[in-house]
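Okay, here's what each chain looks like letter by letter:
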Amino acid sequence: QVQLVESGGGLVQAGGSLRLSCAASGRTVSTYGMGWFRQAPGKEREFVASIRWSGSTTYYADSVKGRFTISRNNAKATVYLQMNSLKSEDTAVYYCGAHFHSWYALTDERGYAYWGQGTQVTVSS
């Protein structure tokens, strides 16, 4: 029903920048918002950032606040994650998710019904 295609992952040096993109297709009109989560080896998937399809409300994890910026282009049905001042701790597989269940916050992965395939971000130090 909803397909998510991620791009932009790769290898970057500490202090560098990277921009992730997530193109959505299908029944995206019914989604509440989009979000980025990440998972490092041996750790649970954690919230990174999210944004509503309508309005300007955004949310960020404390660990990325001030360094990452989430944005959207509704016409292109695409959400972006601009990552600046990258640290080795940011190394993880980054997943794009489509939020459907509005009774969960956009910071709660339980509200996300669809996920992209994930894109690897590796920060060298």
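For the structure, check the block above.
These lines cover the structure that appears in this document, whether it is placed above or below. None of the values given here were measured: they were computed from a predicted structure.

A closer look at the state of the cysteines
Joining two cysteines, a disulfide is a covalent bond between their sulfur atoms. In this structure the tally under the stated criterion is one disulfide. Between the sulfur of Cys-22 and that of Cys-96 lies a disulfide, 2.1 Å long from S to S. Its torsion about the S-S bond being -80°, the disulfide of Cys-22 and Cys-96 is classed as left-handed. Linking Cys-22 in strand β3 (residues 18–26) with Cys-96 in strand β9 (residues 92–99), this pair joins segments that are 74 residues apart in sequence. Taking the relative accessible area as the measure of exposure, Cys-22 reaches 0% and is therefore buried.

Notes on the nonpolar core
Core analysis: the biggest nonpolar cluster contains 33 residues, and Met-34, Trp-36, Leu-81, Met-83 and Tyr-94 have the highest contact counts within it. Taken together, the elements giving at least two residues each to this core come down to β1 (2–7), β3, β4 (33–39), β5 (46–52), β7 (68–73), β8 (78–83), β9 and β11 (119–124). Once you skip the residues sitting within four places of it in the chain, Leu-81 turns out to touch Leu-18, Arg-19, Leu-20, Trp-36, Val-48, Ala-49, Phe-68, Thr-69, Ile-70 and Tyr-94.

Considerations on the packing of aromatic side chains
Two descriptors summarise a pair of aromatic rings, namely the distance from one centre to the other and the angle between the planes of the rings. Following the criterion strictly, the structure yields six aromatic pairs and no others. Every member of this aromatic cluster is reached through a ring pair, and the members are Phe-37, Phe-47, Tyr-112 and Trp-115. A cation over a ring is seen here: Arg-45 above Tyr-95, with NZ or CZ 5.5 Å from the ring centre.

As for the pairing of β4
Among the seven residues in β4, six count as buried, and that is most of the element. Direction of pairing for β4 relative to β5: antiparallel, over a ladder of six bridges. Its bridge partner being in β5, Phe-37 is matched across the sheet by Phe-47. In textbook terms, the turn of a hairpin is the stretch between consecutive antiparallel strands, and for β4 and β5 this stretch comprises six residues, one of which, Gly-42, has a positive phi near 80°. With seven bridges connecting them, β4 and β9 associate as antiparallel partners. Bridge pairing in β9 links Gly-35 to Gly-97.

Remarks on the side chain of Thr-78
Tracing the backbone through its elements, the reader meets Thr-78 in strand β8. Taking the relative accessible area as the measure of exposure, Thr-78 reaches 8% and is therefore buried. For Thr-78, the side chain forms a polar contact with the main-chain oxygen of Lys-76, separated by 2.9 Å. The contacts of Thr-78, once residues within four sequence positions are left out, are Ser-21, Cys-22, Ala-23, Trp-53, Ser-71, Arg-72 and Asn-73.

Things to note about the pattern of salt bridges
Summed over all chains, the structure comprises six salt bridges. The salt bridge partner of Asp-62 is Lys-65, with a shortest N-O separation of 3.2 Å. The closest approach of N and O atoms between Asp-90 and Arg-67, which form a salt bridge, is 2.8 Å. In this pair, Asp-90 sits in the loop between β8 and β9 while Arg-67 sits in the loop between β6 (58–60) and β7, placing the two residues 23 residues apart along the sequence. The exposure class of Arg-67 is buried, given its relative accessible area of 11%. Salt bridges here are not isolated pairs; linked through shared partners, they connect Arg-38, Glu-46, Arg-67 and Asp-90.

Basis of the calculations
- Residues numbered from 1 in each chain as written.
- Predicted model: local features only at pLDDT ≥ 70, side-chain atom pairs only at ≥ 80, totals over all residues.
- Heavy atoms only, no water.
- Disulfide = S-S within 2.5 Å.
- Helix = DSSP H or I, 4+ residues; strand = E, 2+ residues; numbered from the N terminus.
- Buried < 20%, exposed > 50% of the residue type's maximum accessible area, 1.4 Å probe, protein only.
- Core = buried A, V, L, I, M, F, W, Y, C linked by side-chain atoms within 4.5 Å.
- Contact = heavy atoms within 4.5 Å.
- Phe/Tyr/Trp six-rings, centres within 6.5 Å; stacked < 30°, edge-to-face > 60°.
- Lys NZ or Arg CZ within 6 Å of the ring centre and 35° of its normal.
- Pairing = 2+ DSSP bridges.
- Polar contact = N/O pair within 3.5 Å; in protein donor to acceptor, adjacent residues only side chain to side chain.
- Salt bridge = Lys/Arg side-chain N within 4 Å of Asp/Glu carboxyl O.

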